[in-house]
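Residue-level structural notes
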Amino acid sequence: MASGNGTGNAEEVTASISAFLAAKHVPPTQAWMTAFISTIRLNTPIVALQKTALFRLLATDITTSTTKSAASCFATNITDPQVKERQVRGPITVQLLDVEDIGRSRWSQVEAIEAQERGETTKGREVIRVVPDDNGPDAATQNESKSSGPHKLLLQDANGLHVYAMELTSINGVGVQMAVGAKLVLKDFIVARGLILLEPRNVEMLGGKVDAWDRKWKEDRKKVLKEKAGVREGGG
Amino acid sequence: MPPRRQQTKVLCVAEKPSIAKAVASHLGGGQVNTHNTGNRYVKNYVFQYNFPAWGECEVTMTSVLGHLVSRDFESRYNNWRACDPSALFEAPIQTYIQDDLKPIAENIKSQARFAKYLYIWTDCDREGENIGDEIRQEALKGNASLSQPNRIFRARFSNIERAHIINAACNPVTLDDAQANAVYSRIELDLRIGACFTRNLTLSVQPLFHQHFGNREQGLISYGSCQFPTLGFVVERYLRVRNFVPETFWTIKVMHEKEDIKVNFRWARNHLFDRMPAVILFERCLAARIARVTKVQTKPTSKWKPLPLTTVELQKCGSRFLYMDSSRVMTVAESLYTKGWISYPRTETDQFDGGMDLRALVQKQTQGGPWAGLAQALMNGGFSAPRNGRNNDKAHPPIHPVNFVEPTQLDAQERSVYEFVVRRFLACCSEDARGSKTDISILYGTETFNASGLVVLARNYLDVYKYDRWTSSQVLPDFQEGEVFEPTEARIQDGKTSPPGYLTEPELIALMDANGIGTDATMAEHILKIKERNYAWVQPRGRRPQGNDGDDEAESGGEAPPAANATRGRRGRGGARGRGGRGGGVEGPGRGATTGVQEFIPTTLGVALVEGYENMGFEISLTKPFLRKEMELKMKAICDGQRTKAEVVHETIEQYRDVYVRTQQRLNVLRDAVRKYCLGPIEAHNG
């Protein structure tokens, strides 16, 4: 077993890092490992190399950088709406392609973005637009536009299959601030009519991000929300 | 007793004739001699009074009519085209007294000649301190010996009730120069910035109207550093309503009938804006079939009695409950104050000082009026100490009734405001309303639903404060935690979001207050200004936005009123008239109906200005609150002695000069907005 200082043996290092990554549910392809090894100094301490490898792998597209197996991917018919319910054990690693707050109207989210663009949320220039009421200990501040969630996620497995998922209860780290391309590991979850239902116990957030996708998502966000608000009538 | 000729003479000067008369009658008893002056509104009241510090004195009590002194640039700056507007940032300002006020100034000068003491009785707020300083300067011209120490004093009073006035007369204080200076800096800044930006705005935009319409109807387009952010709020809401996109949402409703009572349960998620997940969750509820009660909680609840009354609250409530706009409410409140029925209506304080004898005030209200019985109940043991708010301006108490007056002695509007002040005060001294609230939660599938019931047990303050509502809901049947049942009915339902309403006056006041625009004394004026300048008007709520182009047809934007501001009563810059001129707003469209909630609609010019300035970039932002808010904070700092007038004026001028320069570079953006909204489609060849 590799200890503190690197032994400098490419094969051993590769094997060690691959095993580490596989245990994290992101088993790398051989091609990716080869490319990675060529960028590092073999005698770097192995723990550091493992961390670096994980960090870099989490920034990639798992459909090309990780190995696939039937066990680690969704069944191809998982999105079938005819199936009322199915249980999936996993663990299945996915990457985030899109996230939406479906508890708030799209239009109110567009307005919030525009307010930010106008500088109204910058420190010292805040414009208060909602004034609180003074009604007693039970005054429920009914401020619908502030609600967060539940969130609907668009996920993709290593095979490239797209599946929607929804938070049943609030999951730490899930929200519109998530980075696109972030990786999650799902296990012991239910799929109802093709929609994955998630609770905190089903999800392990690995993190990461794919820069190009995330940037594009942020640029397009207002436009996409507007389209969804104006055009979208039915759901799904 | 020394013969009259050798008696010490005291000159007292109030801010308006009505106050002078009231104070004179309280102090002079029945022995007051009245003399005319050069101005037909102002009288000199002469009487004897024994001041603790000065002994038996001959007192002459007179008044001014608001601000005595006017300020303007030297006449060589009058020609707009002769200088760049930004020259006004530095241009020398001259002070002068308008012709119609000269007799009043003369009166003070000549009366001061024989006076040993000058005693100032202007209203106790910033403007009052400033007017006090103007009076002082005029008096010094007539009698330089008044500049010796301990010759000039000031009375502190919050209402015109006899005992209070006598107490004030016996406890003189000195003028607060810090507050006077805060007002001087405001006056200078408003003059320089207002004039510069008004000229700039008018010169840039007015020609477009003249060209387009082929006439010179479009007058001044004026700028004010408070009016623009106020207009900004109105326009922002207007555009929100106009641009609103309704969206469909889905919700799950559960109803269960038990003990012959239909209980409606509300989805904990409220609603979802995506149909698929909503339908899927609904299906899973149905599949679960059985719901389980997870929480049953009954606990006491209360509806708090209101806080002691401030100006902002009075204005908001005036709009909501009394169907009077903020200027009207303040005018009526001032009149009630002058007559001695209520305390000074300009205050930010929402806590009663511990030393005040509130019971005595409640006692006075047992004498009559529809609330007499309720007041009596408070005296009989129902009295409860008022809540304390967080604000104390240290100058005046919360607005409260000072004396009882038979409502039939007041006109309709006075009655309405007086009644509100009384009921509010009595409510403050009552108990909170008490009730019992039951909350029930059920788990149906993975979804939680809630129901609640309220039983009002004791109305308490609600009995006297008829402006609040709190009613029991239907009685809930008994549920036990752990109980299970199959809901009588569960269904999925859709709905559509709808736009907010246009801004109402209470909402506008609340926004101005929350964003630091204007003080309690000035908010109503700013709102009035944007109506007067035809940047916005009011219509009764209920008229939903029209789909046709009624709003978009080109309006000329209207004339701005002449600079003398003659209508605005005592706060006006020049020639303020204390009588008569008070209390009108501009009769805009829709103004006639003062019943029902009024909402603000910007004119095309108003929208064009806000959008034009917005498009110039947010760091300029004349229509956003923060520049003005900063100015207000600096005013306060001068009052608190933390900053000097010179510093604040200089700093603020530099800020606005910076804005001016940037504005200059982007004027085309403003012109495009005006063209878009006021003049029809943008024509490429216009300069």
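Everything numeric in this text was worked out from a predicted model, so none of it was measured.

Side note on the overall build of chain A
Scanning chain A from terminus to terminus reveals six helices and eight strands. Counting from the amino terminus, chain A carries its helices and strands in the arrangement α-α-α-α-β-β-α-β-β-β-β-β-β-α. A buried classification covers 42% of the 236 residues belonging to chain A. Sequence-distant contacts in chain A: of pairs separated by 6 or more residues, those separated by 24 or more amount to 75%. As presented, chain A carries roughly 12200 Å² of accessible surface, and 53% of it is formed by carbon and sulfur atoms.

A short note on the overall build of chain B
The secondary structure content of chain B amounts to 18 helices and 17 strands. Burial analysis of chain B (687 residues in total) assigns 56% to the buried set. Taking all contacts inside chain B whose residues are at least 6 apart in sequence as the whole, residues at least 24 apart take part in 79%. Of the roughly 28700 Å² that chain B leaves accessible, carbon and sulfur atoms contribute 48%.

Considerations on the pairing of strand S13 (residues 447–458) of chain B
Successive residues of a regular strand alternate their side chains across the two faces of the sheet. All names here are of chain B. Bridging between strand S10 (residues 261–267) and S13 involves two bridges; their strand directions are antiparallel. Its bridge partner lying in S13, Trp267 is registered against Phe449. With eleven bridges joining them, strand S12 (residues 433–444) and S13 adopt antiparallel strand pairing. Counted as the bridge partner of Ser436 is Val455 from S13. Once S12 ends, the chain turns through two residues before running back antiparallel as S13, passing Gly445 with a positive phi of about 70°.

Considering the interface of chain B and chain A
In this assembly, 45 residues from chain B lie in contact with 45 residues from chain A. Note on chain B versus chain A: buried area summed over both sides is about 3800 Å², and carbon and sulfur give 55% of it. At the boundary of chain B and chain A, one finds five salt bridges. Between Glu85 of chain A and Arg284 of chain B there is a salt bridge, with its nearest N and O atoms 2.9 Å apart. Counting across the interface, chain B meets chain A through nine residue pairs in polar contact (both at pLDDT 80 or more). Looking at the side of chain B that touches chain A, the elements with two or more residues in it are helix H6 (227–243), strand S9 (248–258), helix H7 (275–288), strand S11 (291–303) and helix H13 (505–514) of chain B. Here the side of chain B that touches chain A gets eight residues from one element, more than from any other, and that element is H7 of chain B.

Side note on the domain arrangement of chain B
Residue and element names in this part refer to chain B. Partitioning chain B into domains gives domain 1 (8–175), domain 2 (181–244 + 501–686), domain 3 (248–305 + 433–496) and domain 4 (311–428). Taking both sides of the interface into account, the surface hidden between domain 3 and domain 4 amounts to around 1100 Å²; carbon and sulfur atoms contribute 62%. Among the residues domain 3 hides against domain 4, the three largest losses belong to Lys305, Val464 and Tyr467. Together they make up 63% of the total. Between the two partners, domain 3 and domain 4, sit one salt bridge. Of the residues assigned to the side of domain 3 that touches domain 4, the class counts are five nonpolar, no polar and three charged.

Some details on the sheet that holds strand S2 (residues 33–36) of chain B
Residue and element names in this part refer to chain B. Taken in spatial order, the six strands line up as S2-S3-S4-S1-S7-S8 in an open sheet, and their pairing is mixed. Edge strands, defined here as strands with exactly one partner in the open sheet, are S2 and strand S8 (152–154). Neighbour to neighbour, the strand axes of the sheet diverge by 25° on average, direction disregarded. Bridge count between strand S1 (residues 8–14) and strand S7 (residues 117–121): five bridges; the pairing is parallel. For Leu11, the partnering residue across the bridge sits in S7 and is Leu118. Of the strands in this sheet, S1, strand S3 (43–51), strand S4 (55–63) and S7 touch helix H1 (residues 17–28), which is tilted by about 35° from S3. Together, S1, S3 and S4 form the strand contacts of helix H2 (residues 102–113), whose direction differs from that of S1 by roughly 160°.

Points about the pattern of salt bridges
According to the stated counting rule, one finds 62 salt bridges over all chains in the structure shown. One salt bridge connects Glu419 of chain B with Lys466 of chain B, and the closest N-O pair in it is separated by 3.2 Å. Of this pair, Glu419 of chain B sits in helix H12 (residues 412–428) while Lys466 of chain B sits in the loop between S13 and strand S14 (484–485), and the two are 47 residues apart along the sequence. Using a relative accessible area of 43% as the deciding quantity, one classes Lys466 of chain B as partly exposed. In this structure, the salt-bridge partner of Lys437 of chain B is Asp439 of chain B, at a minimum N-O distance of 3.5 Å. On the basis of relative accessibility, which here comes to 16%, the residue Asp439 of chain B falls in the buried class. Counted as one network, the salt bridges with shared partners bring together Asp98, Glu100, Arg106 and Lys228 of chain A together with Glu247 of chain B.

How each quantity is defined
- Residues numbered from 1 in each chain as written.
- Chains lettered and ligands numbered in written order.
- Predicted model: local features only at pLDDT ≥ 70, side-chain atom pairs only at ≥ 80, totals over all residues.
- Heavy atoms only, no water.
- Helix = DSSP H or I, 4+ residues; strand = E, 2+ residues; numbered from the N terminus.
- Buried < 20%, exposed > 50% of the residue type's maximum accessible area, 1.4 Å probe, protein only.
- Contact = heavy atoms within 4.5 Å.
- Areas by Shrake-Rupley, 256 points an atom, 1.4 Å probe, with all protein chains shown as cover.
- Pairing = 2+ DSSP bridges.
- Buried area = accessible area lost by both parts, 1.4 Å probe.
- Salt bridge = Lys/Arg side-chain N within 4 Å of Asp/Glu carboxyl O.
- Polar contact = N/O pair within 3.5 Å; in protein donor to acceptor, adjacent residues only side chain to side chain.
- Domains from an automatic or database assignment.
- Nonpolar A, V, L, I, M, F, W, Y, C, P; charged D, E, K, R; others polar.
- Axes fitted to C-alpha atoms, helices over the stretch in contact; angles between N-to-C directions.

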